[in-house]
Amino acid sequence: MAKVESFELDHTRVRAPYVRRAAVGEGLTKWDLRLAQPNKAAIPTAAMHTLEHLFATYLRDHLEGVFDLSPMGCRTGFYLTVAGDPGEEAVLRAFEATLRDVLAHRGEVPGASPLSCGNYRDHDLEGAKAWAERVLNEGLRVQETIPVP
């Protein structure tokens with residue numbers, strides 16, 4: 001059976017919120033953008049969905065080469081895939097700026113329509129803003145990978 005990088009991370013020893021370089025290869029870098037402490041908190045589904053839409057929109061304003069942003073099934077954060085390797089500090093600054101954009105967002109959630117979203121009714125802008133504020137208040141950090149013993 002193949003090894004999965006995220007299953008090799010000791011989730012009991014990391015400290016969220018953080019940015020972590022999860023994998024590098026084939027000209028891409030995968031980042032772990034963690035908002036909630038694993039096994040202690042989880043972002044409600046509607047707020048997570050809204051964060052996904054807002055991050056997908058705003059993160060591209062702050063970071064070159066964004067290829068994909070995907071929510072984690074555990075609802076504690078997102079995986080970001082970027083062309084090249086912009087470095088930890090650049091990703092951290094872009095993540096922080098994006099969280100500030102979420103707080104400042106007014107109006108409709110981008111892409112939240114029956115034409116452009118597979119579950120357009122499941123959004124919570126105020127919940128997304130509350131999580132953005134929570135993370136900014138706690139302060140982002142760079143987290144090293146701590147392997148499972």
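Residues numbered from 1 in each chain as written. Predicted model: local features only at pLDDT ≥ 70, side-chain atom pairs only at ≥ 80, totals over all residues. Heavy atoms only, no water.

### Considerations on the pattern of salt bridges
Filter applied, for reference: For salt bridges, the criterion is a side-chain nitrogen of Lys or Arg within 4 Å of an Asp or Glu carboxyl oxygen. The helix count covers DSSP runs of H or I at least four residues long, the strand count covers runs of E at least two residues long, and both are numbered beginning at the N terminus. Exposure categories follow from relative accessible area, calculated using a 1.4 Å probe and restricted to protein chains: below 20% of the type maximum is buried, above 50% is exposed, and the middle band is partly exposed.
One pass over the structure, following the stated rule, counts 7 salt bridges. For D32, the salt bridge is made with R20, and the minimal N-O distance between the two is 3.2 Å. One end of the pair, D32, is in strand 2 (residues 28-34); the other, R20, is in strand 1 (residues 18-25), with 12 residues separating them in the sequence. Comparing D32 with R20 shows no difference in burial state: the two are buried. Among the charged side chains, a salt-bridge network with shared partners connects E5, R20, D32 and R34.

### Some points on the side chain of H123
Rules: Pairs of N or O atoms are called polar contacts if they sit within 3.5 Å, as long as, within protein, a hydrogen donor faces a hydrogen acceptor (for residues adjacent in sequence, only side-chain-to-side-chain pairs).
Along the chain, the position of H123 falls in the loop between helix 2 (88-104) and helix 3 (125-138). Reaching out from H123, the side chain makes a polar contact with the side chain of T50 at a distance of 2.9 Å.

### Let's talk about the pairing of strand 3 (residues 66-71)
The test is simple: For two strands to be treated as a pair, DSSP must find no fewer than two bridges joining them.
Here 5 bridges tie strand 3 to strand 4 (residues 77-83), and the two strands are oriented antiparallel to one another. From the neighbouring strand, D68 faces strand 4, where its bridge partner is T81. Hairpin connection from strand 3 to strand 4: 5 residues lie between these consecutive antiparallel strands, with R75 at a positive phi of about 65°.

### Let's talk about the environment of K129
Filter applied, for reference: Note on contacts: a residue pair is in contact if any heavy atoms of the two residues lie within 4.5 Å.
Its place among the elements puts K129 in helix 3. Residue classification places K129 among the buried positions, given a relative accessible area of 11%. For the pair K129 and R21, spaced 108 residues apart in sequence, the C-alpha to C-alpha distance is 25 Å. Those residues in contact with K129 that lie beyond four places of it in its chain are V102, L103, H105 and R106.

### Here's the deal with helix 2
Our working definition: Each helix should span, by expectation, one fewer than its residue count multiplied by 1.5 Å.
Compared with an ideal rise of 1.5 Å per residue, which puts 17 residues at 24 Å, helix 2 spans 24 Å between its outermost C-alpha atoms and is within 8% of the ideal. Buried within helix 2 are the following residues: A90, V91, L92, A94, F95, T98, L99 and V102. In this fold, the buried residues of helix 2 make contact with strand 1, strand 2, helix 1 (45-62), strand 4, helix 3 and strand 5 (141-142).

### Details of the packing of helix 2 against helix 3
Spelled out, the test is: Throughout, an axis means a line fitted to C-alpha atoms (over the contacting stretch in the case of helices), and angles, computed between N-to-C directions, take values from 0 to 180 degrees. Each angle is binned into one of four classes, with values under 35 degrees roughly parallel, values over 145 roughly antiparallel, values of 65 to 115 roughly perpendicular, and all other values oblique. Should the near helix be turned counterclockwise from the far one by less than a right angle, the crossing is left-handed, whereas a clockwise turn marks it as right-handed. When residue character is reported, Ala, Val, Leu, Ile, Met, Phe, Trp, Tyr, Cys and Pro are called nonpolar, Asp, Glu, Lys and Arg charged, and the others, Gly included, polar.
Orientation of helix 2 relative to helix 3, taken along the N-to-C sense of each, is 140°, at an axis distance of 8 Å. Between helix 2 and helix 3, the angle is such that the two are oblique. For the pair helix 2 and helix 3, the crossing hand works out as left-handed. Residues E96, L99, R100, V102 and L103 of helix 2 touch helix 3, and the partners they reach there are A128, K129, A132, E133, V135 and L136. Its residues placed into classes, the contact of helix 2 with helix 3 shows 7 nonpolar, no polar and 4 charged.

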